[in-house]
Amino acid sequence: MTLLFSLIALQKFDPLAWTVVAVGIGIVFLSLFLVYLFFRYVITFFLNFRLRSFARKKGLDPSEVVTAKTLMSGEVNAAIAMALYLHLNELHDVESGVITIKRVSRNYSPWSSKLYNMSNL
Amino acid sequence: MQNRRSYTIIGILVILSLAWMAFVKPEQERKKLSAEQGIESVVSASVEQPDKQGDGKFTSGLRKFWEYTGFRNATPGHLIMIIIGLIFIFLAIKYEYEPLLLIPIGAGILIGNIPVFIEGGTNLQIGIYQEGSVLNYLYFGVMKGVYPPLIFLGIGAMTDFSSLISNPRLLLLGAAAQVGIFITFLGALVLGFNMPEAGAIGIIGGADGPTAIFISSRLANGMNILADGTTVKNLIGPIAIAAYSYMALVPVIQPPIMRLLTNRKERLIRMKPPRVVTKTEKTLFPIFGLLLTCFISPGALPLLGMLFFGNLLKESGVTKRLAETARTSLIDIVTILIGLTVGASTQADVFLTKESVLIFALGACAFAIATVSGVLFAKTMNLFLPEGSKINPLIGNSGVSAVPDSARVSEAEGLKADKTNHLLMHAMGPNVAGVIGSAIAAGILLSYLG
């Protein structure tokens, strides 16, 4: 209640304060609302326009072209990308399954050679 | 865990208040009384005495050494500030409350409150307020508002505006939360601050440390002279500390308000996943965002100009090196400097005042009001939105620009209501909109009160 009275008193003595508050809140909303309008309508319009002209060039039906508004969500794209990644990297799934032993022939093995050990001291 | 943290913080605040009442207040009253009675301070007398008494050189040397030590020059205020600095460091290490800020600020408080010999106007060029000292040069960046735009450049280079572009209506939540700034501005006027000081205090409601420093360095810097001949107080330290403290306390302040203002049904609202945003849109956002906002509020140019410039560096895709530097090395360097110097500027004689207590109280109100207005505006928007496009009001709190802490709070509260409902990506929209909104509000305050 005291605060309310103080605010009323404030109105009496300092009209600039109320101007700052009213204009301040108004301008913050107005600025961000303009950005909202721009990105909600103007940018979307130009992106859709570009997609449609691209479709016309390729001989596709523009109405069937995916517009910016109906683009898939990032989650769907992430799921598709993950599936592709797993598919392309699952190399073990396509192995032949044939196990071979490669025979290595060696003319000389020094593991038990006294002469070799002596000369390599 | 959350309760324990709250009790710790409340306990610390109570201890500090008691310490202030017990030590600083009597000391201030004693000084005031001495000044009134024209009694020379005991301290200055002891400085002059050695030569008069003709002590030996050895004793005189020892006495001189003692007079220059911190132990000799310490006041209870210094000790309280050192305890506050230690608490900041403790909170950062123990609870990881904004450690990147609280560690430099805490260390700065310790550095700034080492008592130095200042009697008789001696300038040892050590303290932050002593002309010619290294700290004084570094503090120049705060006083002249150099650091905040550089921080904004880094923030721009690390921010992804995709969630905002995919659902632009979330911008309005960022605007709604700025109501806290202006209500706090009125509150500060009611409590007796003058207009520029009230404007600087109000910006705490924007929950943006760099913006708070920027505005207070312009409006409440202890240098500006008002039309009636009075000089504004230097409130940079208290305002910055209050802003950063409350930013760190976002996980404590916001959740109770959010739960109070929403019902279970609202907390369970699932929002549509954001659509894919094209590279063109991301590149156009900083360009048109800058033009649209700064043409309306040119006062916000230093902050918004740098924010959008940083974002353009990131999104253009051709200046990767510059973007990398802005979001890593540059912002790290500036964060160190700003944290340290703001901390060091809180010298006991400047910080431990009645104004600081009021600023802290107003700051808490500012955060609460900003959260309330964000949540209520989200609920109001839901009245007009069709089913399927509704907004979960738990993201309304993210309109305050404490990035990304308030978005994390939305996520945590959303998960408490429904373990599968992730709100983080949606909350990031209003969160970055809040950064833009608080910068615009700062610009308006500057243009009226600067």
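Please read these numbers as outputs of a predicted model, since none were measured by experiment.

## Brief notes about the overall build of chain A
Move 1: Within chain A, the regular secondary structure consists of four helices and zero strands.
Move 2: For chain A, the N- to C-terminal ordering of α and β elements is α-α-α-α.
Move 3: Scored against the burial criterion, the 121 residues of chain A give a buried share of 19%.
Move 4: In the form shown here, chain A has an accessible surface area of approximately 10,100 Å², with 66% of it arising from carbon and sulfur atoms.

## Focus: the pattern of salt bridges
Residue and element names in this part refer to chain B.
Move 1: Within the structure shown, the criterion is met by ten salt bridges over all chains.
Move 2: The shortest N-O distance in the salt bridge between E355 and K233 comes to 3.9 Å. Of the two residues, E355 sits in helix α21 (residues 354–384) while K233 sits in the loop between α13 (209–219) and α14 (236–248), which places them 122 residues apart along the sequence.
Move 3: For E315, the salt bridge identified is with K314, shortest N-O distance 2.9 Å.
Move 4: Residue K314 is classed as partly exposed on the basis of its relative accessible area, which comes to 25%.
Move 5: Several salt bridges share partner residues, and in doing so they unite E197, K233 and E355 into one network.

## Brief notes about the interface of chain B and chain A
Move 1: At the junction of the two partners, chain B supplies 41 residues and chain A supplies 38 residues.
Move 2: Roughly 3,400 Å² is buried in total at the junction of chain B and chain A, and carbon and sulfur atoms are behind 85% of that figure.
Move 3: Of all residues in chain B, B:L186, B:I296 and B:Y448 bury the most surface against chain A, accounting for 17% of the area lost on that side.
Move 4: At the junction of chain B with chain A, the criterion picks out zero salt bridges.
Move 5: At the junction of chain B with chain A, the criterion picks out zero residue pairs in polar contact (both at pLDDT 80 or more).
Move 6: Looking at the side of chain B that touches chain A, the elements that each hand over two or more residues are α10 (171–176), α11 (179–190), α17 (279–296) and α23 (424–449) of chain B.
Move 7: In terms of residues, the side of chain B that touches chain A owes the most to one element, α23(B), which gives ten residues.
Move 8: Of the residues contributing to the side of chain B that touches chain A, the split by class is 31 nonpolar, seven polar and three charged.

## Remarks on helix α15 (residues 250–261) of chain B
Residues and elements named next belong to chain B.
Move 1: For α15, with twelve residues, the first-to-last C-alpha span of 17 Å sits near the 16 Å given by 1.5 Å per residue.
Move 2: Looking only at α15, the buried set comprises V250, I253, Q254, P255, I257, M258 and L261.
Move 3: Taken together, the buried residues of α15 touch α14, α16 (264–267), α21 and α22 (405–417).

## Points about the confidence of the model for chain A
Move 1: For chain A, the mean per-residue pLDDT works out to 75, and 62% of the residues sit at or above 70.
Move 2: When the elements of chain A are averaged for pLDDT, helix α1 (residues 2–13) of chain A gives the smallest value, 60, and helix α2 (residues 15–58) of chain A the largest, 87.

## Focus: the packing of aromatic side chains
The description of two aromatic rings rests on the distance between their centres and on the angle between their planes.
Move 1: Counted under the stated rule, the structure contains 15 aromatic pairs over all chains.
Move 2: Taken together, a centroid distance of 5.4 Å and an interplanar angle of 50° make the contact between A:F29 and B:F377 tilted. In this pair, A:F29 sits in helix α2 while B:F377 sits in helix α21, so the two residues belong to two different chains.
Move 3: Their ring planes at 50° and their centres at 4.9 Å tell us that A:F39 and B:F285 sit as a pair that is tilted. Residue A:F39 is located in helix α2, and its partner B:F285 is located in helix α17; the two belong to separate chains.
Move 4: On the basis of relative accessibility, which here comes to 2%, the residue A:F39 falls in the buried class.
Move 5: Above the plane of the ring of A:Y41 lies A:R40, whose end atom (NZ or CZ) is 5.0 Å from the centre.

## Observations concerning the environment of B:L362
Move 1: With respect to the helices and strands, B:L362 occurs in helix α21.
Move 2: Residues in contact with B:L362, not counting those within four places in the same chain, are B:T184, B:G187, B:A188, B:L191, B:F193 and B:I201.

## Considering the packing of α11(B) against α23(B)
Residue and element names in this part refer to chain B.
Move 1: Between α11 and α23, whose axes approach to 9 Å, the crossing angle comes to 35°. Of the residues in α23, those touching α11 at I181, F182 and F185 are S438, A441, L445 and L449.
Move 2: For the contact of α11 with α23, the class distribution of residues is six nonpolar, one polar and no charged.

Analysis parameters
Residues numbered from 1 in each chain as written. Chains lettered and ligands numbered in written order. Predicted model: local features only at pLDDT ≥ 70, side-chain atom pairs only at ≥ 80, totals over all residues. Heavy atoms only, no water. Helix = DSSP H or I, 4+ residues; strand = E, 2+ residues; numbered from the N terminus. Buried < 20%, exposed > 50% of the residue type's maximum accessible area, 1.4 Å probe, protein only. Areas by Shrake-Rupley, 256 points an atom, 1.4 Å probe, with all protein chains shown as cover. Salt bridge = Lys/Arg side-chain N within 4 Å of Asp/Glu carboxyl O. Contact = heavy atoms within 4.5 Å. Buried area = accessible area lost by both parts, 1.4 Å probe. Polar contact = N/O pair within 3.5 Å; in protein donor to acceptor, adjacent residues only side chain to side chain. Nonpolar A, V, L, I, M, F, W, Y, C, P; charged D, E, K, R; others polar. Expected span 1.5 Å × (residues − 1). pLDDT = per-residue confidence, 0-100. Phe/Tyr/Trp six-rings, centres within 6.5 Å; stacked < 30°, edge-to-face > 60°. Lys NZ or Arg CZ within 6 Å of the ring centre and 35° of its normal. Axes fitted to C-alpha atoms, helices over the stretch in contact; angles between N-to-C directions.

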